[in-house]
Amino acid sequence: MSTIQERAAAAAGRPATDAPQDDLSLPTEYVDQFPAVDPMADYEPGDDDPEMVPVGIAWLRVRRDIRAIGKGELYNALGTKFNFRGVDTVVNVFGPVTLKHGVNVMSSKVEATYGEKSTKNGGKMRECSVLVTWTVMGPMGDTLTLQTMGEALDTADKSTTKAQSVALRTLLLGFGLTPTHDKDPDADRIERGNEAPARSAESYRDEILDPKTSQGRLQQIGYELGNLRMLNRQVQNETGEMETLDSLGRRIYAERAGGGQ
């Protein structure tokens, strides 16, 4: 299909190459004299947008909202038994909080190496090790560059995905300095004069009902109560009725999420 300029040129009886061209681009010699346009220059945050702070401050706020992630999952197979924090659990906690503070976590480069391992039954497992370079971007567009490694074995085609998941979990837990609130394994070998008492169900109730308690912290309280086996503990709620801590926490979280707080 011909352009408007080509049809106009044909009607005037002149070659299409003589048609006037609307070239609004700058001459090459002037291009370098003008700086690139900053896409954030005219940005005005909306009511629901995060505060425009440097990435380091935004990440500090993420850490402040995420107090701890307990080892609430159990691995029990092949004669091995231990508790751990799975990548799904970690992402479920970090995801909403990073969104709240305008933090994006992206993998910018993945370097993978592969090997093969034999099982006791003569089967083959594919081993993958990855070095992942991460870009952590704050609400202002400034970034941090970090690297973590991950390793995984799989009998099918999932070793690469598993290794990257391990690298992501390592990034969030390591860079977030995320504690477990687990008991010190050497605590039973040390005599302590003034050991802090365990938290009561009422203290958790008061923190859940506190309007200043963030949604991220509410999620953390749920994990802590699960580790302490206190989810079904009955407490008196804000209306004077008896309610489990699990039900209270879920209800308050849903109310605040629905209210945009």
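In this text, all values refer to a predicted model and were calculated from it rather than measured experimentally.

(A) Structural view of the packing of aromatic side chains. Enumeration according to the criterion identifies two aromatic pairs in this entry. With a centroid separation of 6.0 Å and 20° between ring planes, the pair formed by Trp59 and Phe94 is classed as stacked. Of this pair, Trp59 sits in helix H3 (residues 55-65) while Phe94 sits in helix H4 (residues 87-100); the two residues are 35 residues apart in sequence, bridging distant segments of the chain. According to the relative accessible area criterion, Phe94 is buried, its value standing at 3%. Consider the rings of Trp59 and Phe175, whose centres lie 4.7 Å apart with planes at 15°: the pair is stacked. Taken as a pair, Trp59 in helix H3 and Phe175 in helix H5 (residues 159-175) lie far apart in primary sequence, 116 residues in all. Here the aromatic cluster, defined as three or more aromatic residues joined through ring pairs, consists of Trp59, Phe94 and Phe175. Positioned over the ring face of Tyr114 is Arg126, at 4.0 Å from the centre of the ring.

(B) Expanded view of the pairing of strand S4 (residues 124-137). Across 14 bridges, strand S3 (residues 104-118) lies against S4 in antiparallel orientation. What sits directly across from Ser118, in S4, is Lys124. One ladder, built from 12 bridges, connects S4 with strand S5 (residues 143-154); its direction is antiparallel. By the bridge assignment, Leu131 is partnered in S5 with Met149. The antiparallel pairing of S4 with S5 creates a hairpin that spans five residues between the two strands, and Gly141 there sits at a positive phi of about 95°.

(C) Highlighting the pattern of salt bridges. What the rule picks out here adds up to 15 salt bridges. Taking the shortest distance from any N to any O, the salt bridge between Asp157 and Lys158 comes out at 2.8 Å. Here Arg205 and Asp206 are joined by a salt bridge, their closest N and O atoms 3.1 Å apart. Residues joined in a network through salt bridges with shared partners are Arg199, Glu207, Arg217 and Glu224.

(D) Layout of the confidence of the model for the chain. Predicted confidence across the chain gives a mean pLDDT of 80, with 73% of residues reaching 70 or more. Averaged pLDDT values over the elements of the chain bottom out at 55 in helix H2 (residues 28-31) and peak at 94 in H3.

(E) Quick peek at H3. Within the sequence span of H3, burial applies to Val55, Ala58, Trp59, Val62 and Asp65. One side of H3 holds all its buried residues, which, seen down the axis, span an arc of 120°. In this structure, the buried side of H3 is in contact with H4, S3, S4, S5, H5 and helix H7 (215-227).

(F) Here's a closer look at the environment of Met125. Inspection of the secondary structure assignment puts Met125 in strand S4. When the C-alpha positions of Met125 and Leu153 are compared, they lie 6.1 Å apart, and in sequence the two are 28 residues distant.

(G) Representation of the sheet that holds S3 within the structure. The strand order across the open sheet built from three strands is S3-S4-S5, with neighbouring strands paired in antiparallel fashion. The outermost strands of the open sheet, each flanked by one partner alone, are S3 and S5. Shown here is a sheet whose adjacent strand axes are inclined to one another by a mean of 15°, direction ignored. Relative to S4, H3 is tilted by about 120°, and along the sheet it contacts S3, S4 and S5.

Reading the values: rules and limits
- Residues numbered from 1 in each chain as written.
- Predicted model: local features only at pLDDT ≥ 70, side-chain atom pairs only at ≥ 80, totals over all residues.
- Heavy atoms only, no water.
- Phe/Tyr/Trp six-rings, centres within 6.5 Å; stacked < 30°, edge-to-face > 60°.
- Helix = DSSP H or I, 4+ residues; strand = E, 2+ residues; numbered from the N terminus.
- Buried < 20%, exposed > 50% of the residue type's maximum accessible area, 1.4 Å probe, protein only.
- Lys NZ or Arg CZ within 6 Å of the ring centre and 35° of its normal.
- Pairing = 2+ DSSP bridges.
- Salt bridge = Lys/Arg side-chain N within 4 Å of Asp/Glu carboxyl O.
- pLDDT = per-residue confidence, 0-100.
- Arc of directions from axis to C-beta.
- Contact = heavy atoms within 4.5 Å.
- Axes fitted to C-alpha atoms, helices over the stretch in contact; angles between N-to-C directions.

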